[in-house]
Structure formats: C-alpha cells, structure tokens
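Chains, contacts and geometry: an overview
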Amino acid sequence: MTLEQLRIFVGVAEREHMTRAAEALNVTQSAASAAIAALEARHGVPLFHRVGRGIELSEAGRMFLTEARAVLGRASSAELALAEYAGLERGTLRLVASQTIAGYWLPRQLAAFHARYPAITIELAIDNTEGAAARVLDGAVELGFVEGVIDESALAHWTVANDRMILVSDRAADTIDEDWIRAARWIVREQGSGTRSSFEEVLRQRGIVPSDLTTALTLPSNEAVRSAVEAGAGVAVLSQHVVAPAIAAGTLHDLPLGLPRRPFYALRHKERYRTRAADALTDLIKETGK
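Residues numbered from 1 in each chain as written. Predicted model: local features only at pLDDT ≥ 70, side-chain atom pairs only at ≥ 80, totals over all residues. Heavy atoms only, no water.

To continue, consider the overall build of the chain. When helices and strands are counted, the chain shows 11 helices and 11 strands. Seen through its C-alpha atoms, the chain measures out along the principal axes to roughly 65 × 50 × 35 Å. Taken across its 290 residues, the chain has 47% of its residues classed as buried. For the chain, the share of sequence-separated contacts (at least 6 apart) that also reach a separation of at least 24 residues comes to 75%. Element-wise, carbon and sulfur atoms account for 50% of the exposed surface of the chain, whose accessible area totals about 14,500 Å². Taking the average place of the 32 positive charges on the side chains of the chain and the average place of its 36 negative ones, the gap between the two points comes to 3 Å. (Helix = DSSP H or I, 4+ residues; strand = E, 2+ residues; numbered from the N terminus. Buried < 20%, exposed > 50% of the residue type's maximum accessible area, 1.4 Å probe, protein only. Contact = heavy atoms within 4.5 Å. Areas by Shrake-Rupley, 256 points an atom, 1.4 Å probe, with all protein chains shown as cover. Lys, Arg positive; Asp, Glu negative; His and termini not counted. Charge placed at Lys NZ, Arg CZ, Asp CG, Glu CD.)

This is the structure in structure tokens:
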C-alpha cells in the first residue's frame, strides 16, 4: 500500500467518480482504476460498489476513507515539518471550510495570503461544519473554518470574524412573531450545517422547538436555499453574504426578526504539529480583522 494509492482512493471516494477524480489528481483514468484495483485485490475487500456506470463507497470503503485521510494527514504533517526549514518559500497548506465561509468570507483572506506568500500552495476543501471538524480531527487538513460550535476536546477553536444572519422571503412582512414563525413554510440546510444549527439555537432561545416548524425543503447548499426562497417555496435564514445581492436586486426581502450576529470559528488540532504557514495565515486574519 503506497501513499499514492491512498491519495487516489481518497480522491475517488470524495467524488465517487473515477474520471473526475483522475482529472483532479492529474493522473490517467487507467492509473486511478489500477490503484483502486490494487488496494481491493491486496486485501480482498471491495471498496466501491459498481452501480451501472457509477460507483458508490462500500461499507469497507467508508471505514477505510477515514483511516486513509488520517494517514495522508500525518504524511503531510511530516513533509511540512521538513519544509519549515525552508521558511515560507515553499509548501502546501491544507484547509477546510464550511460553505458560507468558503464561498464568501475566506477567499479574500486567501488572496491576501497568496500575495504575501506566493510560493505556498493552498488546498481548500468544502464541507459542512461537522464534516470540517472531522477533517481537522483526523489530520486531513491543518486548519478548519466553520460557523457552528464544535464540542470536541481535541480541537482548539477561536473566533476569526462575525456574520449577520437574515430572515428572507420573496415578499415583505411588517411583523414577525412566534405565531408567524410557526405558521411559515421553512427552507433549511442539511443537518450538520452551521447555518442550520445557528438558526435552531435562536429558535430554542425563543422557546420554539425546531422540529415544530413546517419544513418545506431541506437543501444541501446556501445557493439552493436562496433560489428556492426566490421562487416562493418558503422562507429561510441565511448569511448576509449569501442574500445581500438578492436583497439589493429586490428578489428577496429582509424580514425584521432581529437575529443576533454569529461568530466564524477557526479550528486546529491541539496536539498536531503547527506549521509556520498555518500560523502565518491565522496572523494575517488577525491583522485584517483589526
């Protein structure tokens, strides 16, 4: 079993598509297929189910994915530890961020980082808050950026920015009270999303059980939720970054719910090696936040 085989397996597993994974990993499709076949043959365990022309992770494959990410994370940490002797003149910094942060807040920080340290390569994965925390925990990435609170003793977390949550609808409303909230049709993100958990915490503070709401749709991205609200399917609570252009264009209305601001958190493993590149990024974010 080689690191390259593990790298290919993780790439294929995350995309569940051989051709797209091969393109992303810069290998041929035949090389990707051969790497997967070699792993399966060596251990006599199918890592994927072949369903028609597609592939899906098997139960063994899902278990192995966690372990493979951890091994690659440790190998990356070892490589970065050696690269530290070259200062910040080369290396790769692996990050993960939840959708709102990756799509709207983090790119400006990464652009500033690249301008200052152009030789450092950034690899950014996108996952919901729970998934991002899991990647930091297993060592697949060094830093995570999430909206939700993570209760994991092995992870350090600190606030890097704040965000305003907004209740939006395709039509205006003057008064939003508990009866209105209970009667509305809601469009929400999936379980594990920081946007969803932040909204549900607000509901609990108002004495409303989230499961008592009428959920019209559960969708896997901010953009899908926003589009559904614009189409009149219901109302939603989303980040100001996601809805500001639609509000300015008049396709969405900001309703007066009076939602509190929520923090964006950075995550890192307390016991793993801290690279100078990661410290440089966190220092830059502190500078821009002042």
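What follows picks up the thread again.
If you trace the backbone, Leu219 turns up in strand 8 (residues 214–219). Expressed as a C-alpha distance, the spacing of Leu219 and Ala97, which sit 122 residues apart in the sequence, is 18 Å. The contact partners of Leu219, leaving out residues within four places of it in the chain, are Ile187, Val188, Arg189, Glu190, Ala224, Val225 and Ala228.

As a further point, take the packing of aromatic side chains. On inspection of all chains with the given rule, the structure shows 7 aromatic pairs. Among the aromatic residues, those joined into a ring-pair cluster are Phe9, Phe48 and Phe64. (Phe/Tyr/Trp six-rings, centres within 6.5 Å; stacked < 30°, edge-to-face > 60°.)

For helix 2 (residues 18–25), the full list of buried residues reads Met18, Ala21, Ala22 and Leu25. Projection of helix 2 onto a plane perpendicular to its axis shows the buried side chains occupying an angular sector of 100°, all on one side. Where helix 2 is buried, its residues touch helix 1 (3–15), helix 3 (29–43) and strand 2 (54–57). The first or second residue beyond helix 2 is Asn26, which carries a positive phi of 60°. (Arc of directions from axis to C-beta.)

Moving on to the side chain of Gln5. Along the chain, Gln5 falls in helix 1. Contacts of Gln5, omitting those with residues within four sequence positions, involve Ala35, Ala38 and Leu39.

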